[in-house]
Amino acid sequence: MERPLRADAQRNRERILEVAAKAFAQHGVEASLEEIARQAGVGVGTLYRHFPNRDLLVEAVFRRNVDQLVASADRLLETLSPVEALAQWMREFVEYVSAKRGLASHLKTVVSAESDLFVSTHERMNAAIGRLVDAAVAEGSIRPDVAAPDVLRAMAGVCMTSDLPGGEEQACRISALFMDGLKYGCPGSASKPASGARRQRLASSRAHG
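All values derive from a computational prediction rather than experimental measurement. (Residues numbered from 1 in each chain as written. Predicted model: local features only at pLDDT ≥ 70, side-chain atom pairs only at ≥ 80, totals over all residues. Heavy atoms only, no water.)

## Focus on the packing of helix α1 (residues 7–27) against helix α2 (residues 33–40)
Note the following rule: Axes here mean lines fitted to C-alpha atoms, for a helix over just the part in contact, with angles spanning 0 to 180 degrees between N-to-C directions. Labels follow the DSSP assignment, with helices taken as runs of H or I lasting at least four residues and strands as runs of E lasting at least two, numbered in each case from the N terminus. For classification, angles of less than 35 degrees are called roughly parallel, those exceeding 145 degrees roughly antiparallel, those between 65 and 115 degrees roughly perpendicular, and all remaining angles oblique. Should the near helix be turned counterclockwise from the far one by less than a right angle, the crossing is left-handed, whereas a clockwise turn marks it as right-handed. Every residue pair with non-hydrogen atoms within 4.5 Å of one another is taken to be in contact.
With their axes 9 Å apart at the nearest point, α1 and α2 run at an angle of 130° to one another. Comparing their axes, α2 and α1 come out oblique. The hand of the α1/α2 crossing is right-handed. From α1, Arg15, Ile16, Val19, Ala20, Ala23 and Phe24 reach across to α2, where they touch Ile36, Gln39 and Ala40.

See the structure below:
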């Protein structure tokens with residue numbers, strides 16, 4: 001059984017992960033480990049004691065990013081309305097994808113896409129967005145036919161633009177439009193489909209307008 005880290009060692013590990021996450025987001029997975037150690041305020045030997053090679057550090061940063069995003073779903077539900085929580089989580093998902101640029105691709109050269117790392121990540125993401133979607137549906141603020149896996153897949157598609165210049169901002173705008181689509185026709189939305197009589201009145205007014 002692995003012994004728990006001492007408090008100072010745990011702080012060093014967390015600091016290394018925090019700095020490495022920013023370095024990988026800015027410079028890719030080939031960012032200098034020596035520079036990461038320097039910015040974390042530790043010796044490079046300390047970095048290697050926690051993460052004996054680059055692959056293990058990349059994996060730890062990837063897991064940390066996933067942990068933070070999954071935890072965010074519950075935190076947002078505690079502080080915001082369900083529909084606001086879902087919208088904010090979708091924005092954070094865009095930031096998450098931008099921040100992990102290259103991490104998943106690098107890891108897939110080391111471990112299989114069917115490995116526990118990626119399978120468990122997918123399951124945890126589906127569960128997190130499932131809690132948000134279920135709460136928003138129960139509240140009546142999004143359509144009742146919304147399925148969490150569909151939302152997650154759609155968001156992954158939206159985030160494909162995030163690698164382009166200005167892509168993160170564009171992906172956030174697209175996710176906001178997508179959020180409007182989730183609201184369309186829901187019980188609590190002002191954008192319900194027009195009834196037959198209302199459609200007739202609208203058509204008549206256009207014809208005479």
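Moving on from the model shown.
## Some thoughts on the pattern of salt bridges
The condition that has to hold: What makes a salt bridge here is a side-chain nitrogen of Lys or Arg within 4 Å of a carboxyl oxygen of Asp or Glu, nothing more. Each residue's exposure class comes from its accessible area (1.4 Å probe, protein chains only) as a fraction of the maximum for that residue type: buried when under 20%, exposed when over 50%, partly exposed otherwise.
As enumerated under the stated definition, the model contains eight salt bridges in all. With its nearest N and O atoms 3.4 Å apart, the salt bridge here joins Arg15 to Glu18. With Arg15 and Glu18 both in helix α1 and three residues apart, this pair spans about one turn of that helix. Taking relative accessible area as the criterion, Glu18 reaches 30% and is therefore assigned partly exposed. Among the salt bridges present, the one from Arg143 reaches Asp145, with a minimum N-O distance of 2.7 Å. You can call Asp145 exposed: its relative accessible area is 52%. Here the salt bridges do not stand alone but share partners, grouping Arg15, Glu18 and Lys22 into one network.

## Side note on the nonpolar core
Basically, it comes down to this: We define a nonpolar core as any set of buried Ala, Val, Leu, Ile, Met, Phe, Trp, Tyr and Cys residues linked to one another through side-chain atoms lying within 4.5 Å.
With 58 residues, the main nonpolar core has Ile36, Leu57, Leu86 and Trp89 as its most contacted residues. Those elements that provide at least two residues to this core are α1, α2, α4 (54–79), α5 (82–99), α6 (103–108), α7 (116–139), α8 (148–158) and α9 (167–183). In this view, Leu57 contacts Ile16, Leu17, Ala20, Phe24, Leu33, Ile36 and Phe51; residues no more than four positions away in its chain are not counted.

## A few points about the packing of aromatic side chains
Our working rule: Aromatic rings from Phe, Tyr and Trp, taking only the six-membered ring of Trp, are treated as a pair when their centres fall within 6.5 Å; an angle between ring planes under 30 degrees marks them as stacked, one over 60 as edge-to-face, and anything in between as tilted.
In total, this model carries three aromatic pairs according to the counting rule given. With 5.8 Å between their ring centres and 45° between their planes, Phe93 and Tyr96 make a pair best called tilted. With Phe93 and Tyr96 both in helix α5, this residue pair falls three residues apart, about one helical turn. On the basis of relative accessible area, Phe93 is assigned to the buried category, the value being 6%. Feature note: the residues Trp89, Phe93 and Tyr96 constitute an aromatic cluster, connected by ring pairs.

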